[in-house]
Amino acid sequence: MVKGIGKSLILAQTQMAEDVSQDLVTEFTFEKIIYALIALFFAYGAVFLIQKITNWIAERVPRRYRLLTKQSLPFWKGLILIITIAYLVRLFFNLSESNLLALTGSIAVAVGFAFKDYISSIIAGVVALFESPYRVGDRIQIGDHYGEVVSYGLRGIQIQTPDDNTVTIPHNKAWTEAISNSNGGNLEAQVATEFFFEHDADDETIINILYQAAYCSKYTQLKLPIRVLMKEEEWGTKFKLRCYPMDARDEFPYQTDLIRRAKKAFARHNIAYLKRFSDFE
């Protein structure tokens, strides 16, 4: 008697699962597949077009609005993705309350095991949108990679390095890696340039030359502070010039311009760079 009841329960559960499965998934027709392919094609085209338009606008608006324009790109990509997924789900699934719970539960379990790292990157990307450790246009360093964030995707970001290489970094690196952001959404990013001299070098003249080099450079943002710092080391004296270019993109041309201007002035005043630094390395 007990065995008969147990068998009946198993059969009933199996039948209920089959009924839910049949109610959940609609009939797959050739027409629906064509609609789905068209939706994916339009979504891909929309993302491509929005990225091109956003970059085109960002390079033509006043410089202070460039980063703001580029930082809107992840929002538009996410909106297109949500609309496309919603359309495909409505196309192939019956979204009653019970079916919706069954669908989301099944997808969560299946996707969670199959794409654990990928899902982790997506979640980290969503969190990064709100916490903003980096945005498009920021100059950041993650691990050994430094450069400008040029793309913010679903799985990760792309940064353009000073050597003109494009490096793709998954968002989930934000869970484990320290992120250094030099401009944090602003156009300006501080540039620190170091100079090394003997202990007996004329520090007053050196400081004046470094200030003049910064104030005379065409790249310098004069609204932000310019500082020259000194530090005594065993091997000599280190001077650090800290100032800001008007555009963080000009970081390395700016640093080159500062060094060239300073070197010419040092030569006119017969101030030589430290020659024995290598002995202490």
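Computed from a predicted structure; not experimentally measured.

Some remarks on the overall build of the protein chain
For step 1, the next point in the chain: On a plain count of helices and strands, the protein chain comes out with 9 helices and 8 strands.
For step 2, the next point in the chain: Within the span of the protein chain, comprising 281 residues, buried residues form 31% of the whole.
For step 3, the next point in the chain: Taking the intrachain contacts of the protein chain between residues at least 6 apart in sequence as the baseline, contacts between residues at least 24 apart amount to 64%.
For step 4, the next point in the chain: On the protein chain, roughly 18100 Å² of surface is accessible, and the fraction owed to carbon and sulfur atoms is 60%.

Let's talk about the side chain of Thr 84
For step 1, the next point in the chain: Within the secondary structure, Thr 84 sits in helix 4 (residues 73-92).
For step 2, the next point in the chain: What makes Thr 84 buried here is its relative accessible area of 13%.
For step 3, the next point in the chain: Each residue touching Thr 84, except ones within four places of it in the same chain, is listed here: Ala 39, Leu 40 and Ala 43.

Notes on a nonpolar patch on the surface
For step 1, the next point in the chain: Among the surface-exposed residues, Phe 30, Ile 33, Ile 34, Tyr 35, Leu 37, Ile 38, Leu 40, Phe 41, Phe 42 and Tyr 87 lie close enough to one another that they form a single nonpolar patch of about 1000 Å² accessible area.
For step 2, the next point in the chain: Among the secondary structure elements, Ile 38 is positioned in helix 2 (residues 30-58).

Quick notes on a negative patch on the surface
For step 1, the next point in the chain: A contiguous patch of negative charge, built from Asp 202, Asp 203, Glu 204 and Glu 232, is present on the exposed surface.
For step 2, the next point in the chain: Locating Asp 202 in the fold gives a position in the loop between strand 6 (191-197) and helix 8 (203-216).
For step 3, the next point in the chain: A relative accessible area of 41% means that Asp 202 is categorised as partly exposed.

Details of the packing of helix 2 against helix 4
For step 1, the next point in the chain: Between helix 2 and helix 4, whose axes approach to 10 Å, the crossing angle comes to 175 degrees. Comparing the axis directions of helix 2 and helix 4 gives the class roughly antiparallel. On helix 4, the residues touching Lys 32, Ile 33, Tyr 35, Ala 36, Ala 39, Leu 40, Ala 43, Ala 46, Val 47, Ile 50, Gln 51 and Thr 54 of helix 2 are Leu 73, Trp 76, Lys 77, Ile 80, Thr 84, Tyr 87, Leu 88, Leu 91 and Phe 92.

Considering the UniProt feature "transmembrane region" (unreviewed entry) in the protein chain
For step 1, the next point in the chain: As annotated by UniProt and renumbered to match this structure, "transmembrane region" (unreviewed entry) occupies residues 33-54, 75-93 and 105-130.
For step 2, the next point in the chain: Along residues 33-54, the helical share is 100% and the strand share 0%, with 31 Å between the first and last C-alpha atoms.

A look at the nonpolar core
For step 1, the next point in the chain: Core analysis: the largest hydrophobic core is formed by 21 residues, its most contacted members being Phe 195, Phe 197, Ile 206, Leu 210, Phe 239, Leu 241 and Phe 266.
For step 2, the next point in the chain: Among the elements of the structure, strand 6, helix 8, strand 8 (237-243) and helix 9 (251-268) are those that each provide at least two residues to this core.

Notes on the sheet that holds strand 4 (residues 166-170)
For step 1, the next point in the chain: Read from one edge to the other, the open sheet built from 5 strands follows the order 4-3-2-1-5, with strand pairing classed as antiparallel. The open sheet terminates on both sides in strands that have one partner only, identified here as strand 4 and strand 5 (179-181). For this sheet, the mean angle separating the axes of adjacent strands, direction not counted, is 40 degrees.
For step 2, the next point in the chain: The pairing of strand 1 (residues 139-142) with strand 2 (residues 145-152) spans 4 bridges and is classified as antiparallel. Residue Ile 142 lies in a different strand from strand 2, and its bridge partner there is His 145.

Observations regarding the sheet that holds strand 7 (residues 227-232)
For step 1, the next point in the chain: Judged by pairing direction, the sheet is antiparallel, and its 3 strands sit side by side in the order 6-8-7 without closing on themselves. The open sheet has two free edges, formed respectively by strand 6 and strand 7, since each of these has just one partner strand. Between one strand and the next, the sheet's axes are offset by a mean angle of 20 degrees, whatever the strand orientation.
For step 2, the next point in the chain: Pairing between strand 6 and strand 8: 7 bridges, direction antiparallel. Its bridge partner being in strand 8, Glu 194 is matched across the sheet by Lys 240.
For step 3, the next point in the chain: The sheet strands contacting helix 8 are strand 6, strand 7 and strand 8, and the helix crosses strand 8 at an angle near 25 degrees.

Parameters and conventions
Residues numbered from 1 in each chain as written. Predicted model: local features only at pLDDT ≥ 70, side-chain atom pairs only at ≥ 80, totals over all residues. Heavy atoms only, no water. Helix = DSSP H or I, 4+ residues; strand = E, 2+ residues; numbered from the N terminus. Buried < 20%, exposed > 50% of the residue type's maximum accessible area, 1.4 Å probe, protein only. Contact = heavy atoms within 4.5 Å. Areas by Shrake-Rupley, 256 points an atom, 1.4 Å probe, with all protein chains shown as cover. Patch = residues over 30% accessible without salt bridge, like charges linked within 9 Å, V, L, I, M, F, W, Y side chains within 5 Å. Salt bridge = Lys/Arg side-chain N within 4 Å of Asp/Glu carboxyl O. Lys, Arg positive; Asp, Glu negative; His and termini not counted. Charge placed at Lys NZ, Arg CZ, Asp CG, Glu CD. Axes fitted to C-alpha atoms, helices over the stretch in contact; angles between N-to-C directions. Parallel < 35°, antiparallel > 145°, perpendicular 65-115°, else oblique. UniProt positions renumbered as here; feature names shortened; annotations may be inferred. Core = buried A, V, L, I, M, F, W, Y, C linked by side-chain atoms within 4.5 Å. Pairing = 2+ DSSP bridges.

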